[in-house]
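# Structural description and commentary
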Amino acid sequence: MNFTRLVSLFMISAFLLLVGTGPVFAAQTPLITISEDNQTVTGDTTVLTDGSNRYGYLTIHSMDIVLSGTDAEITVHYSVTPWIAFLVFLFGKQDLKNRVLSVVGYPETGKDSQVVTYAYVDNSRAVITVKNAVIDYGDGSYWYPAHTFGTVIPKLTFILGPAESKIYSNIKVMQKGFGYFQ
């Protein structure tokens, strides 16, 4: 038996083993404590429908956006369907990276000044930096413009400073932006 046939049989048996076990879903109920300086904004008031926070093989749990000047550091928490996680391990993370970019919605169409770089990516979390995601008015005031995400984000947290944040629930489209000072 040659080597390529042995590798093919191994991959097929591993695939069948993973498909047979079925997907594993972890119920997460985050506890959110909000100080007086923080603001909670509810996006869609309907209950999150089953699967609406999925983008292909990704299930999105939360997203944290730390705004610093005109840049944004975005941390996306998600889970990958288990048998796809095996394929990501075998074939690389490029498709996973592309899907995460589709979920966060950056770089935005027509905004050539936005530069996206990955700081970290694995099967549960990705950290990216977006240059020029925010409009700077030059006097310490900034504007985060309206934005559309690729899927519903169950918990979206904007961290504006050490004691100030905005929290959105079940949001896909931010029809209005918001201003803030740093």
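Let me begin by describing the structure that accompanies this report.

Thresholds, definitions, all that
Residues numbered from 1 in each chain as written. Predicted model: local features only at pLDDT ≥ 70, side-chain atom pairs only at ≥ 80, totals over all residues. Heavy atoms only, no water. Helix = DSSP H or I, 4+ residues; strand = E, 2+ residues; numbered from the N terminus. Buried < 20%, exposed > 50% of the residue type's maximum accessible area, 1.4 Å probe, protein only. Contact = heavy atoms within 4.5 Å. Areas by Shrake-Rupley, 256 points an atom, 1.4 Å probe, with all protein chains shown as cover. Salt bridge = Lys/Arg side-chain N within 4 Å of Asp/Glu carboxyl O. Pairing = 2+ DSSP bridges. Polar contact = N/O pair within 3.5 Å; in protein donor to acceptor, adjacent residues only side chain to side chain. Core = buried A, V, L, I, M, F, W, Y, C linked by side-chain atoms within 4.5 Å.

This part covers the overall build of the protein. From N to C terminus, the protein includes three helices and eleven strands. Secondary structure elements in the protein, listed N-terminal to C-terminal, are α-β-β-β-β-α-α-β-β-β-β-β-β-β. Within the protein, the proportion of its 182 residues that are buried is 34%. In the protein, the proportion of contacts linking residues at least 24 apart, taken out of those at least 6 apart, comes to 62%. When the accessible surface of the protein is split by element, carbon and sulfur atoms take 58% of a total near 10700 Å².

Attention shifts here to the pattern of salt bridges. A full pass over the atoms with the stated rule returns three salt bridges. The closest approach of N and O atoms between arginine 99 and aspartate 95, which form a salt bridge, is 3.0 Å. Taken together, the residues arginine 99 and aspartate 95, both in helix α3 (residues 94-104) and four residues apart, mark about one turn of the helix. Its relative accessible area of 38% is what places aspartate 95 among the partly exposed residues.

Two faces, one strand: in a regular strand the side chains alternate between the faces of the sheet. For strand β3 (residues 58-68) and strand β4 (residues 71-80), the ladder comprises ten bridges, and the chain directions are antiparallel. When the bridges of β4 are listed, serine 62 appears paired with histidine 77. What sits between β3 and β4 in their antiparallel hairpin is a turn of two residues, with glycine 69 showing a positive phi close to 65°. Sheet analysis places β4 next to strand β6 (residues 125-131), joined by six bridges and oriented antiparallel. Paired with isoleucine 74 across the two strands is isoleucine 128, which belongs to β6.

Turning to the pairing of strand β5 (residues 115-121), a few remarks are in order. Of the strand pairs in this sheet, β5 and β6 are connected by six bridges, and their pairing is antiparallel. Within β6, the position partnered with tyrosine 120 by the bridge is valine 127. Joining the antiparallel neighbours β5 and β6 is a turn of three residues.

Moving on, we get to the environment of asparagine 123. Looking at the element boundaries, asparagine 123 is found in the loop between β5 and β6. Along the chain, asparagine 123 and threonine 81 lie 42 residues apart, while their C-alpha atoms are 9.2 Å from each other. For asparagine 123, the contacting residues outside a window of four places in its chain are Tyr78, Ser79, Val80, Ala85, Val88 and Leu96.

Here the focus is the sheet that holds strand β8 (residues 141-144). Here three strands make up an open sheet; going across it, the order is β7-β8-β11 and the pairing antiparallel. Because the sheet does not close on itself, it has two edges, and the strands there are β7 (135-136) and β11 (178-181). The pairing of β8 with β11 spans four bridges and is antiparallel. Bridge pairing in β11 places serine 141 opposite phenylalanine 181.

Summarising the element assignment, threonine 151 is placed in strand β9 (residues 147-161). A distance of 2.8 Å separates the side chain of threonine 151 from the backbone oxygen of serine 52, its partner in a polar contact. Not counting residues within four places of it along the chain, the set of residues in contact with threonine 151 comprises Ser52, Asn53, Arg54, Tyr55, Ile60, Val103, Ile171 and Lys172.

With that out of the way, let us pick up the nonpolar core. By size, the foremost hydrophobic cluster in this structure holds 37 residues, and its most contacted members are Met63, Leu67, Ile74, Tyr78, Tyr144, Leu156 and Phe158. What leucine 156 contacts, discounting residues up to four positions off in sequence, is Met63, Ile65, Phe149, Lys166, Ile167, Tyr168, Ile171 and Met174.

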